Each structure stands twice: as C-alpha cells, then as structure tokens.
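# Examining the three-dimensional arrangement
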Number of protein chains: 2
Amino acid sequence: MNIGQAAERSGVSAKMIRYYESIGLIPKTVRTEAGYRVYSDTDVHTLKFIRRARDLGFSVEQIGVLVSLWQDRGRESTDVKRIALGHIHELERKIAELRSMAETLKHLAQHCHGDSRPECPILDELAGEDHLHNCAKRDGKILASAPRGPRKNKVTSHS
Amino acid sequence: MNIGQAAERSGVSAKMIRYYESIGLIPKTVRTEAGYRVYSDTDVHTLKFIRRARDLGFSVEQIGVLVSLWQDRGRESTDVKRIALGHIHELERKIAELRSMAETLKHLAQHCHGDSRPECPILDELAGEDHLHNCAKRDGKILASAPRGPRKNKVTSHS
DNA sequence: CCTTGACCTTCCCATGATGGGAAGGATCAT
DNA sequence: ATGATCCTTCCCATCATGGGAAGGTCAAGG
C-alpha cells in the first residue's frame, strides 16, 4: 500500500511517516519504480506501536529504544520497565510544575475582585509590589520559578 | 545600564530581552551612540514582571496583554482575571492530559515484572496485542489519544 | 489518446521560547 | 596599547508537527 493508506490505517500522518523515516526511527521503505513508498501490514503495525507510544508522551528518542526492544526477542523486560518508570517520573515532574503554577494563580485569582475597578492583586503580584496582598506567598511556592539556569554575569560596576 | 546589567537584575537573559524587543513585547530601547541598548530601573521592573508571568506559564502573547493592562491605569480587573482564569483552565487541561498518560503507564509498569525475561505487558500494550493483560483499558482512557484530526482519505481500492 | 483529479515526491518554511556561537565593534582597566 | 569583557547582529538548533509549492504518477472516464 502507499503512504496515504498506511497513514490512514496507522493513525500517523504521511508527513510524520516520512519524518520518522528521515530521522531513522523506521527503516527506509521499499519504493515502486516511480519512487512511491510501499508499506506492508507489518509496517502499519509498527507505526501503530509508535503512535501509541507518542500518545503516552514518549519522545521520539525513547520510542526508538522501545521499538528496538519490541523487535528484540532476547530483550529483558527490565529495560522496558526502566524506560517507562523514567518517563513516569518525568511526567510527574511536569505535573507538579504545572500544578504549582495553577495553585499560585488560583490563590491570586481568588483575591481579585474581577470587576470594573483597576485594583488587581494578580498584577500587583506580578509587579512584585509587596506592599499589598502577599498572602499567596505564604504557600511557600509562589512563582514556580522553573529552573532557568543560573545567571553568571560578572559585571562589576560600570554605568 | 547596559543589557547585561538589566539581564542580571531582572532575571531575564540578554538573549531573551533582545527577543522580546524584536517581537514587540517591550518597546525598542534608547541606544548609546555606539548602538548599545540602555535600560532604566523602570525597564528592569517591567522585565521582572515579564519573568514572573513566564514563571507562571503565561505565553508571550498573554504577557503582552498583561503588560498593557498593568500599565493601563483605567484597566478593569475583570480583564486580568479572565486571562488568569483562562490560563488556569489551560494548565489544568494539560495536567489532566499528563496525568492520564502517567496513570496508564503506571498500570502497565505494575504488571511488568521488570526482570531478565522478555515478557512485557508494556510492549504488548503498545503493540496493540489485546490477547494479554488489558486491565488498564478498563480505566476508560487508555491511550490518551490526543485529537489528531480526522483522516479523510478517499482511497478506494488500489493496491 | 488525453484530461482530470487524487495521489505521490522533495524541498522550504513556520511554530514557541530559548540557547549556542561566530564575527566584529565598543569600552574599560591596567 | 593591550587584553578582557562587554556589546551588536546574524545564523543555527531544539522538538514534533503541519502548510504549501512545484512537479511527477497513476487510474478512470471521455
């Protein structure tokens, strides 16, 4: 079958199938004389595998490992489990980060009247004007402050 | 002060300050004769505002609105609150999506022995081989399946 | 046989926010 | 004057994905 059929059946777009081939996640396919890519049911099976792994948030790099383990009859399930656990850890880290943001914002929004007056604790907090409502700070994690790497300027005193 | 100082004091990298200027999030600064950007304490204040908003996960586009509201004395706090609530909603949507992935994976990992044997429910699930463990599916949302848009091929029967 | 339309090919560009790094000019302290 | 440290602009890379153009292919119908 051609790439369109394979895309339809696997749920992976033709664009992405070509991309996966270009980065080596899947091997280069057989081509017709005219240069059309040709896929088998087995190829579609592999593509479905890849799509499900993507749906679970695995990166393309991780999927490369998973695919090769999947096709390796002598694999050890501990290898697969390690990848899965690592990914779960990463997902939970992201969840915690997002939740921290959401919590902070919810506290701020609770204290914002949300009417036609200009007073707004949300903007006050963003502005760092501590002279007003700072209740949210008692939560200990206002401003989730994603690790943006250390600043290491050595500016001394000019200007 | 120069851009390095402004970056250090605001916590926004010099790279990002230039980027924010290029996309119009902040206005073009005054320059010295030599072309160096010059920043005031007020500018640093604005940059801090932006950094805090970024730390809360607001997009640059949203921040643009927040900054203009912040600087608008006649603003209505309801506008700010609406943006904040919308963002909270978006954060919670992402959290739910990630949590769904993590839950599914945890179920699968629980049933994977993780030893030297090749049997692996995780791979089996990704492969769609339903003849084994399908307990995770009873959760109703195995495979978060991000909406990938409908396929609308009209291929009829060739191949 | 030729047209039409749906398909395929490759190539380039865009996303969003960020960093890396090169080439070259400016400033500053010694 | 020299070297260190700044600054400038410009290009490239990330990650997974889609859009779209220009052009080739194929099957069906006139």
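All of these numbers come straight from a predicted model, not from anything done at the bench.

The rules we used
- Residues numbered from 1 in each chain as written.
- Chains lettered and ligands numbered in written order.
- Predicted model: local features only at pLDDT ≥ 70, side-chain atom pairs only at ≥ 80, totals over all residues.
- Heavy atoms only, no water.
- Helix = DSSP H or I, 4+ residues; strand = E, 2+ residues; numbered from the N terminus.
- Expected span 1.5 Å × (residues − 1).
- Buried < 20%, exposed > 50% of the residue type's maximum accessible area, 1.4 Å probe, protein only.
- Contact = heavy atoms within 4.5 Å.
- Least-squares fit on C-alpha atoms with pLDDT ≥ 70 in both.
- Axes fitted to C-alpha atoms, helices over the stretch in contact; angles between N-to-C directions.
- Parallel < 35°, antiparallel > 145°, perpendicular 65-115°, else oblique.
- Left-handed = near helix turned anticlockwise from the far one by under 90°.
- Near = heavy atom within 4 Å.
- Polar contact = N/O pair within 3.5 Å; in protein donor to acceptor, adjacent residues only side chain to side chain.
- Nonpolar A, V, L, I, M, F, W, Y, C, P; charged D, E, K, R; others polar.
- pLDDT = per-residue confidence, 0-100.
- Phe/Tyr/Trp six-rings, centres within 6.5 Å; stacked < 30°, edge-to-face > 60°.
- Buried area = accessible area lost by both parts, 1.4 Å probe.
- Salt bridge = Lys/Arg side-chain N within 4 Å of Asp/Glu carboxyl O.
- Core = buried A, V, L, I, M, F, W, Y, C linked by side-chain atoms within 4.5 Å.
- Lys, Arg positive; Asp, Glu negative; His and termini not counted.
- Patch = residues over 30% accessible without salt bridge, like charges linked within 9 Å, V, L, I, M, F, W, Y side chains within 5 Å.
- Areas by Shrake-Rupley, 256 points an atom, 1.4 Å probe, with all protein chains shown as cover.

For the rest of this paragraph, the subject is helix 3 (residues 41-55) of chain B. The first and last C-alpha atoms of helix 3 of chain B sit 21 Å apart over 15 residues, in line with the 21 Å expected at 1.5 Å per residue. Burial in helix 3 of chain B covers these residues: V44, T46, L47, F49, I50, R52, A53 and D55 of chain B. At its buried positions, helix 3 of chain B is contacted by helix 5 (77-110) and helix 6 (121-127) of chain A together with helix 1 (3-10), helix 2 (14-22) and helix 4 (60-70) of chain B. Following helix 3 of chain B by one or two positions, G57 of chain B adopts a phi angle in the positive range, close to 85°.

Before going further, it helps to spend a moment on the relation of the copies chain A and chain B. Least-squares fitting of chain A to chain B yields an RMSD of 0.1 Å, with the superposition described by an axial translation of 0.0 Å and a rotation of 180°. Each copy turns onto its partner about a two-fold axis. If distances are taken from each C-alpha of chain A to the rotation axis, the shortest is found for I95 of chain A, at 2.8 Å. The fraction of interface residues of chain A whose copies in chain B are also interface residues reaches 99%, indicating that both copies meet through the same surface.

This part is about the packing of helix 1 (residues 3-10) of chain A against helix 3 (residues 41-55) of chain A. Axis angle and axis distance: for two packed helices, these are the angle between their axes and the distance between the axes, and together they describe the pair. Residue and element names in this part refer to chain A. Across the interface, helix 1 lies against helix 3 with an axial gap of 9 Å and an inter-helix angle of 45°. Judged by the angle between their axes, helix 1 and helix 3 are oblique. By crossing handedness, the relation of helix 1 to helix 3 is classed as right-handed. From helix 1, A6, R9 and S10 reach across to helix 3, where they touch D41, V44, L47, K48 and R51.

The environment of DNA strand D is made up of 22 residues, and the closest members are K15 and Y36 of chain A together with G4, R18 and R37 of chain B. By atom count, sugar and phosphate contribute 69% of the portion of DNA strand D lying within 4 Å of the protein. R54 of chain A places a polar side-chain atom, nitrogen or oxygen, 3.2 Å from a sugar or linking oxygen of DNA strand D. For the surface near DNA strand D, the elements supplying multiple residues, two or more each, are helix 2 (14-22) of chain A together with helix 1 and helix 2 of chain B. Counting residues per element, the surface near DNA strand D draws most heavily on helix 2 of chain A, which supplies four residues. Residue composition of the surface near DNA strand D, grouped by class: nine nonpolar, five polar and eight charged.

Turning our eyes to something else, we now look at the confidence of the model for chain A. With 81% of its residues at a pLDDT of 70 or more, chain A shows a mean pLDDT of 84. Counting contacts from residues 131-159 of chain A, a segment whose pLDDT is below 50, to residues more than four positions away or on other chains yields 35 contacts.

This part is about the packing of aromatic side chains. One pass over the structure, following the stated rule, counts four aromatic pairs over all chains. Seen in terms of ring centroids, Y19 of chain A and Y20 of chain A are 6.0 Å apart; in terms of plane orientation they differ by 50°. Their pairing is tilted.

Moving on: the interface of chain A and chain B. Chain A puts 69 residues into the contact, and the matching count from chain B is 68 residues. Surface buried jointly by chain A and chain B totals about 6,100 Å² across both partners, of which 65% is contributed by carbon and sulfur atoms. Among the residues chain A hides against chain B, the three largest losses belong to L56, L123 and L126 of chain A. Together they make up 11% of the total. For the pair chain A and chain B, the interface holds two salt bridges. A salt bridge links E92 of chain A to K106 of chain B, with the nearest nitrogen and oxygen atoms 2.8 Å apart. Taken together, the links from chain A to chain B amount to 22 residue pairs in polar contact (both at pLDDT 80 or more). The element that contributes the greatest number of residues to the side of chain A that touches chain B is helix 5 of chain A, accounting for 20 residues. A per-class count over the side of chain A that touches chain B returns 30 nonpolar, 18 polar and 21 charged.

This paragraph deals with the packing of helix 1 of chain A against helix 2 of chain A. All names here are of chain A. With their axes 8 Å apart at the nearest point, helix 1 and helix 2 run at an angle of 100° to one another. On the basis of their axis angle, the class for helix 1 and helix 2 is roughly perpendicular. For the pair formed by helix 1 and helix 2, the contact residues are I3, A6, A7 and S10 on the first element and A14, I17 and R18 on the second. Among the residues making up the contact of helix 1 with helix 2, the classes are represented as five nonpolar, one polar and one charged.

I17 and I122 of chain A together with I17 of chain B are the most contacted members of the largest nonpolar core, which has 81 residues in total. Contact partners of I17 of chain A, with chain neighbours within four places excluded, come to I3, A6, A7, S10, V12, I26, Y39 and L47 of chain A.

Along the polypeptide, R75 of chain B turns up in the loop between helix 4 and helix 5 (77-110). Among buried charged residues, R75 of chain B stands out as having no salt bridge; its nearest opposite-charge side chain is D124 of chain A, 4.7 Å away. A polar atom in the side chain of R75 of chain B sits 3.0 Å from the backbone oxygen of W70 of chain B. Setting aside anything within four residues of it in sequence, one finds R75 of chain B in contact with S116, R117, P118, C120 and L123 of chain A together with L69 and W70 of chain B.

Attention shifts here to a nonpolar patch on the surface. The grouping of M16, Y19 and I23 of chain A at the surface amounts to a nonpolar patch, some 250 Å² of accessible area in total. Tracing the backbone through its elements, the reader meets Y19 of chain A in helix 2.

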